[in-house]
Each structure stands twice: as C-alpha cells, then as structure tokens.
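If you want the building blocks of each chain, they are given just below.
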Amino acid sequence: MLVVLTCIAVLAVLKWASGFFIPLMISLVFSYALSPVVDWLARRKIPRALSAAVLILGILGAAGSSVYALADDANELITSLPAAAAKLRDSVRKQARAPDTTLETVQKAAAELQKAAEEAGGATSAPNARGVARVIIEKPRFDLRDHLVSGTLGLASLLGQIVLVTFLTYFMLMSGDTFRRKLVKITGPGLSEKKLTVQALDEINAQMQRYLVVQLAASVGVGLATGIAFAMLGLNHAAVWGVAAGVLNLVPYMGSLVVTGGASLVAFLQFGQIDMALLVGGISLLINTIEGYLLVPWATSKTSRMNAVAVFIGVLAWGWLWGVWGLLLGIPILMAIKAVCDRVDHLKPVGELLGT
C-alpha cells in the first residue's frame, strides 16, 4: 500500500509540475544528443562554453534558414486549405444527391422503424405530453476570433519554452560531467555504490545516444521517402511535405496522422479526385507504418534491449501524463528507468518487466 501511494504521489507531482519537468527533460535529451560534439571540441582545446554556444547558435540558425527557405511554399499551402475544405464539402454534397446507396437505404429503413415506434408510443403517452414545451438547444457556430487570444497566448508560451530549453541545454553542455561526478560522490561512501552509479550513468548515456541516432535516421528516411513519393505523384510542395513528415515523425503516432490527413486534403484540392487523395494518404500511411511499426521498434529494441509491448504501453502512459511532449519523451525516460532498475536489487523486477 505504501508503494501504491508513493506511485500515485509521484504521478500527481509529475502532472502538477509538468511545466517544470518537460523543459528539463527536453534539455537533458538535447544535451545527450549534443554532448559528443562538445566533448570532441573540448579535446581540441576549445572551451566548452564557446563550443556549446556556437553549436546551439548554428542549430538555431540552420532551423531558421530552413523555415525561411520553405516559408513561401508553406504559406501557399496553408492558404489553399480553406479552398480544399470547401471543395471537399461540395463533393460530399454531390455524393449526397446521388442515387441511394445500400447504406442509405438501410438508414432510411431504420428511420421509418424508429418513426413507427415513436407513433406507437405516442398513442399512449399523448395525454401526458400536453402543455409540454419542446426546447431545442443550438450549438454556437465556430468563430475563429474566439480562438485568437488563446492561440496567441499558446504561441507566446511556446516561444518562452524554446528560450528556456535553449538556455538549459547550453548550461548543461557547458557544465560537462560536473553533475555526473557530483552524483557519483553523493550516492554513498562505498565503492560498490559508486560503481553501480557510474555503470547506470554510462548505460543511460549510451542508450540515449543510440536512441537519438535511430530517431534521427528514421526521421530523415521518412522525410526523404515522403518527399520523393509525393513528387513522383505530382503533388505540389512535395519538399514542404517531406520536411513536415520528417519533423512530425519525432512525435510518435500523432505526427503521421497529421501528415496523412493534411496531404490527403491538399491532394484532393489539387487533383479534384477522391481516388488521388486516398492514394496520397495511403502512401503516407504506408511509409509511416513501415517506419513506426516495423523498423523503429526493431531498432529500438536492439539498441535499448526493451520489449515493444512495454515501450508502447509506456509511451501511452507518458502521453496521458504530458500530452504530446509525453509521447516524445516517453522512450528516453523508460530507458533511464530501466538502466536504474537493472542495478537496484529491489527494483530489478521492474527492469525485467521492461527488458526483452
């Protein structure tokens, strides 16, 4: 019972203080990804503060240049979305005016049966229904202006999070292995405790870097495959879709659905045919399925020695806890948990449960 209460308390704290833990975890992941480059430059007698600053500024500059280069295509693509939605609505209306399909016939028969049942019931309950006013509640129409304030506040919050993560990552890279040595020092006076701590930290570092390499390679592969496939189909702005597919691939499960739905809608606007929209969406879904359900789970299980079921359930749990950021950070957190559990006697069952 004490263990259960402790777990509930930990989950409550993680949920309540998500604004603190999410930037911290993102910064840790970025520091693990960039630390090999900073360490290599430090061995060349380049100060860590200078190399970390140049590296982070270079990444931000490259990201900003990419966004600027693709801004025109992205704006044109976003501008075309309302027309795509209107065209899709017109197509649905034309389908509604077409001759009745089998499904519509069955639906009409069900409506007639329901009407007959209501009339039969109304014959006995009509005297009791006299004088009762019928109230119809209409839902308010969607107004974009109502969401501008919340959207602006969300954008400001996102920019603040980016600035916070940037500075946290810089300070972590600049500190080097300072906190690592401090953790080893405070674990206990015995040599065995220090040895286990060093082993756990080394494994976390190695697994995290291997996982990031796998994710980077998978995102590049998905982006290239999506861009090439869309270009061969003649879809406009194929490069933008490739970049979007590569970036959103970092968000498990949700990113692929966003790319598939958006590409299908834009394909319908461009070609005017539902078949082409289904083809574009199917190819996108096929690429993400092969990558997300075959290649990446296999590579992740090989690099982290974690079983796919535990990874899937863990990602869902962290997604429930932190939303999209939980989906992104779930696997690295599980890797760190497993590395610690494998070296603590009373936590080894948890490590066994997560392992292959």
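In case you missed it, the structure is sitting above this.
Values in this document were obtained by computation on a predicted structure and should not be read as measured data.

S.K.: Looking at this structure, I do not really get the packing of aromatic side chains. What am I missing?
M.R.: For any two aromatic rings, the description comes down to two numbers: the centre-to-centre distance and the angle of the planes. This structure, assessed with the given rule, holds four aromatic pairs. Here F20 and F21 contribute two aromatic rings whose centre-to-centre distance is 5.1 Å and whose plane-to-plane angle is 75 degrees, an arrangement assigned as edge-to-face. Overall, the relative accessible area of 54% leaves F20 in the exposed class. When the ring of Y170 is compared with that of F171, the centres are 5.6 Å apart and the planes differ by 55 degrees; the resulting orientation is tilted. On the basis of relative accessible area, F171 is assigned to the partly exposed category, the value being 46%.

S.K.: Would you take a moment to explain the pattern of salt bridges for this structure?
M.R.: Between side chains of opposite charge, a pair can form when the charged atoms approach closely. Taken as a whole and judged by the stated rule, the model has three salt bridges. With its nearest N and O atoms 2.8 Å apart, the salt bridge here joins R48 to D39. Across the pair R343 and E203 runs a salt bridge whose closest N-O atoms are separated by 2.4 Å. Taken together, the residues R343 in the loop between helix 13 (324-341) and helix 14 (348-354) and E203 in helix 8 (residues 191-233) connect sequence positions 140 residues apart. Classification of R343 as partly exposed rests on a relative accessible area of 22%. Looking at E203, the relative accessible area reads 10%, which means it is buried.

S.K.: Sorry, what's going on with the packing of helix 2 (residues 18-43) against helix 13 here?
M.R.: Between two packed helices, the angle of one axis relative to the other and the distance separating the axes together describe the packing. At their nearest, the axes of helix 2 and helix 13 sit 11 Å apart, and the two run at 55 degrees to each other. When the axes of helix 2 and helix 13 are compared, the pair comes out oblique. Relative to helix 13, the crossing made by helix 2 is left-handed. Counted together, I22, M25, I26 and V29 of helix 2 and W325, L329, P332 and I333 of helix 13 form the full contact between these two elements.

S.K.: Which parts of the structure should I look at to understand the nonpolar core?
M.R.: Burial of nonpolar side chains together is a common tendency in soluble globular proteins. One finds W318, W322, L329, I331 and I333 to be the most contacted residues of the largest nonpolar core, which totals 24 residues. Those elements that provide at least two residues to this core are helix 2, helix 8, helix 12 (308-322) and helix 13. If you tally residues by element for this core, the top one is helix 13, at seven residues. Those residues in contact with W322 that lie beyond four places of it in its chain are L14, K15, S18, F21, I22, M25, L329 and I333.

About the thresholds
- Residues numbered from 1 in each chain as written.
- Predicted model: local features only at pLDDT ≥ 70, side-chain atom pairs only at ≥ 80, totals over all residues.
- Heavy atoms only, no water.
- Phe/Tyr/Trp six-rings, centres within 6.5 Å; stacked < 30°, edge-to-face > 60°.
- Buried < 20%, exposed > 50% of the residue type's maximum accessible area, 1.4 Å probe, protein only.
- Salt bridge = Lys/Arg side-chain N within 4 Å of Asp/Glu carboxyl O.
- Helix = DSSP H or I, 4+ residues; strand = E, 2+ residues; numbered from the N terminus.
- Axes fitted to C-alpha atoms, helices over the stretch in contact; angles between N-to-C directions.
- Parallel < 35°, antiparallel > 145°, perpendicular 65-115°, else oblique.
- Left-handed = near helix turned anticlockwise from the far one by under 90°.
- Contact = heavy atoms within 4.5 Å.
- Core = buried A, V, L, I, M, F, W, Y, C linked by side-chain atoms within 4.5 Å.

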